[in-house]
Amino acid sequence: MHQNAEPFKALPVRRVYIPKRGSSTKRRPLGIPVVVDRVHQARALNALEPEWEARFEPKSYGFRPGRGCHDAIQAIYQIVKGPGPRRRWILDADLAGAFDQIAHDHILRMLGTFPGRGMVAQWLKAGVVEQGRLHRTEDGVPQGGVISPALLNIALHGMEKAAGVRYARDDHKAALFAPGSPALVRYADDLLALCHSRQEALEVKARLAGWLAPRGLAFNEDKTRVVSLGEGFDFLGFNVRRYRGRKLLIKPSKAAVRRIRERLRTELRSLRGSNAPTVIKKLNPIIRGWAAYYRTQVSSDVFRSLDNYLWQLTFKWARFSHANKPTRWVVDRYYGRFNKNRRDRWVFGDRKSGAYLHQFAWTNIIRHQMVKGAASPDDPALADYWAERRRKTPLPIDKTSRWLLKAQDGRCPICKAALVPDDDRPHTPREWEQWLATTRKTIIKVVIREDGKPGDNEPRLIHAHCGNRGGRELLRAYEPEGLA
């Protein structure tokens, strides 16, 4: 970007509509700023985030660095675990059009004397262009703006106090709830208030409704309800329920399982006429991404069920591709013990290349370690804590690549730079899918030979762009699965 002598002026955003999750007919608006405004928003966010990270409530997990969905789920588990949890009634609440309804005056008032306050005001009032026509924006922030999630969190700051949440110590960084206090866990505009009785849950709802009104927000009554722990509830794709009054299980929700089944079915139907390598290349990131997201809770039974369903889909695809061949011929061609590390002869694969389809059940269940208290990556005193936390979080890659990544200290042997960035890990199945697909393209497994002479024949992980440089002879290591 070049320096412009003219005063800054925000441009309107372009509004498009994307399908709403869980609905085949409803769509939600997405506001896309121009590139220059996105760059300026990123600058403003970098200045705004450290200040507010030091102030945000410890049980807020949405759109914050170092925090994510798994932290929110683990926080719920810590509150309701054990043989006799005291908070057995849950206010499962959702805000109606939170991004579209936030009052601009409240956001600007919360920003106070922030130097970029004037730029934020311009972005809020810039308007939207829809179908070629400019419309004014009196409230709300555009979904799709770089700074919009941070503005939402700022607007909702103070919700814990409004709900009556109290901590056991004056220092809220300990994040230990006081006896008799309700607990509140929030991820962006989705929130749970865990209470001791149904009456307390209704009182919390009434207090929060009054607190939200001056901010231009209100509950979505169709999605807001008070339930007992025995009835269970869905949150961030998981179902939390206490079975038979004693056993607490957190599993993938039925809606999430239904969505992945529909996705697999749709993808395989669209791949009719393609060959096996194309099917494997398309489905592997989807399978690994979904399993990576749900591997932190009680998902083994669901993984096995999805593997059975996926086998039926691939078998149906194979029979469709070879309608004139007998069943035995189809089985011999597409199924076998492709994965040498497992004694499973019903793995779908390609005999020519050796590539095979990953299975959900091959992903180990690994419990997520919740971020402690109000810890923030912007706190220099906690740099060692965050580095250790990232190092201990296992990536959903094959065992050989995981071993090589550890042996190489996470660095490329050619350029010495980090193979996997230290950025936050993905927070949704789709993000994991994109991360795995991208990693497969940017990191490759090779055998390095100095001056063309056979030396250490052990494989190494390197950046794909480093493999294009001269000076060393690089032989692609045979590994059907690759890094991802």
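Computed from a predicted model, the values in this text were never measured in an experiment.

Rules and cut-offs
Residues numbered from 1 in each chain as written. Predicted model: local features only at pLDDT ≥ 70, side-chain atom pairs only at ≥ 80, totals over all residues. Heavy atoms only, no water. Helix = DSSP H or I, 4+ residues; strand = E, 2+ residues; numbered from the N terminus. Rg over C-alpha atoms; globule rule 2.2 N^0.38 Å. Contact = heavy atoms within 4.5 Å. Areas by Shrake-Rupley, 256 points an atom, 1.4 Å probe, with all protein chains shown as cover. Lys, Arg positive; Asp, Glu negative; His and termini not counted. Charge placed at Lys NZ, Arg CZ, Asp CG, Glu CD. Pairing = 2+ DSSP bridges. Axes fitted to C-alpha atoms, helices over the stretch in contact; angles between N-to-C directions. Salt bridge = Lys/Arg side-chain N within 4 Å of Asp/Glu carboxyl O. Buried < 20%, exposed > 50% of the residue type's maximum accessible area, 1.4 Å probe, protein only. Parallel < 35°, antiparallel > 145°, perpendicular 65-115°, else oblique. Left-handed = near helix turned anticlockwise from the far one by under 90°. Core = buried A, V, L, I, M, F, W, Y, C linked by side-chain atoms within 4.5 Å. Patch = residues over 30% accessible without salt bridge, like charges linked within 9 Å, V, L, I, M, F, W, Y side chains within 5 Å.

Q: For the overall build of the protein chain, give the residues involved together with the corresponding values.
A: Of the regular secondary structure elements, the protein chain holds 15 helices and 16 strands. Computed over the C-alpha atoms, the radius of gyration of the protein chain is 25 Å, within 12% of the 23 Å expected from 2.2 N^0.38 for a compact globule of 484 residues. Expressed as lengths along the three principal axes of its C-alpha atoms, the size of the protein chain is roughly 65 × 65 × 50 Å. A separation threshold of at least 6 residues defines the contact pool for the protein chain, and within that pool the share at least 24 residues apart is 64%. Total accessible area computed for the protein chain in this model is approximately 25,700 Å², and 49% of it derives from carbon and sulfur atoms. Side-chain charges in the protein chain split into 87 positive and 50 negative, and the spacing between the mean points of these groups amounts to 7 Å.

Q: Go over the sheet that holds strand β6 (residues 183–187) with me, naming the residues and quoting the values.
A: Read across the open sheet, the 4 strands follow the order β6-β7-β3-β8; overall the sheet is antiparallel. The open sheet has two free edges, formed respectively by β6 and β8 (225–228), since each of these has just one partner strand. Taken over all neighbouring pairs, the strand axes of this sheet differ in orientation by 20 degrees on average, direction set aside.

Q: Could you give me a rundown of the pattern of salt bridges, with the residues and numbers involved?
A: The full count for this structure, using the stated rule, is 11 salt bridges. Measuring nitrogen to oxygen at the nearest pair gives 3.0 Å for the salt bridge that ties Arg 136 to Glu 138. One salt-bridge network, held together by shared partners, links Arg 263, Glu 267 and Glu 433.

Q: Describe the pairing of strand β3 (residues 89–94), and please don't skip the residues or the numbers.
A: When you tally the buried positions in β3, you get 5 out of 6 residues, the bulk of the element. Two elements, β3 and strand β7 (residues 190–195), share 6 bridges in a ladder whose sense is antiparallel. Bridging across to β7, Trp 89 finds its partner in Cys 195. With 4 bridges connecting them, β3 and β8 associate as antiparallel partners. Residue pairing across strands places Leu 91 opposite Val 226, the latter belonging to β8.

Q: Account for the packing of helix α10 (residues 276–294) against helix α11 (residues 300–321), with residues named and values stated.
A: As a packed pair, α10 and α11 sit with axes 13 Å apart at the nearest point and diverge in direction by 165 degrees. In terms of axis orientation, α10 runs roughly antiparallel to α11. Remark: the crossing between α10 and α11 carries right-handed chirality. Between α10, through Ala 276, Val 279, Leu 283, Ile 287, Trp 290, Ala 291 and Tyr 294, and α11, the contact on the second element is made entirely by Val 302, Phe 303, Leu 306, Leu 310 and Trp 317.

Q: Hey, could you go over the nonpolar core for me, with residue numbers and the actual values?
A: The biggest cluster of nonpolar side chains holds 124 residues, and the ones touching the most others in it are Ile 76, Trp 290 and Phe 360. Here this core gets 11 residues from one element, more than from any other, and that element is α10. Not counting chain neighbours up to four residues away, the residues in contact with Trp 290 comprise Pro 252, Ala 256, Val 257, Ile 260, Val 302, Phe 303, Leu 306, Phe 360 and Pro 429.

Q: So what's going on with the sheet that holds strand β9 (residues 233–235)? Residues and values would help.
A: Across the sheet, which stays open at both edges, the 3 strands sit in the order β9-β10-β11 with antiparallel pairing between neighbours. The open sheet has two free edges, formed respectively by β9 and β11 (247–252), since each of these has just one partner strand. Each adjacent strand pair in this sheet contributes to an overall mean axis angle of 25 degrees, direction not counted. Judged from the 6 bridges that link them, strand β10 (residues 238–243) and β11 form a sheet pairing that is antiparallel. Bridge assignment links Asn 239 to a residue of β11, and that residue is Lys 251.

Q: Explain a positive patch on the surface to me, and be specific about the residues and the numbers.
A: Positive charge collects at one region of the surface, where Lys 20, Arg 21, Lys 26, Arg 28, Lys 223, Arg 258 and Arg 259 lie side by side. Mapped onto the fold, Lys 26 is located in the loop between β1 (13–19) and β2 (27–32). The class for Lys 26 is exposed, based on a relative accessible area of 54%.

Q: Describe the environment of Val 146, naming the residues involved and giving the relevant values.
A: Its location among the elements puts Val 146 in the loop between β5 (133–135) and α6 (148–155). Here the alpha-carbon distance between Val 146 and Gln 41, two residues 105 residues apart in the chain, equals 5.9 Å. Non-local contacts of Val 146, meaning those with residues more than four positions away in its chain, are made with Arg 38, Gln 41, Ala 42 and Leu 45.

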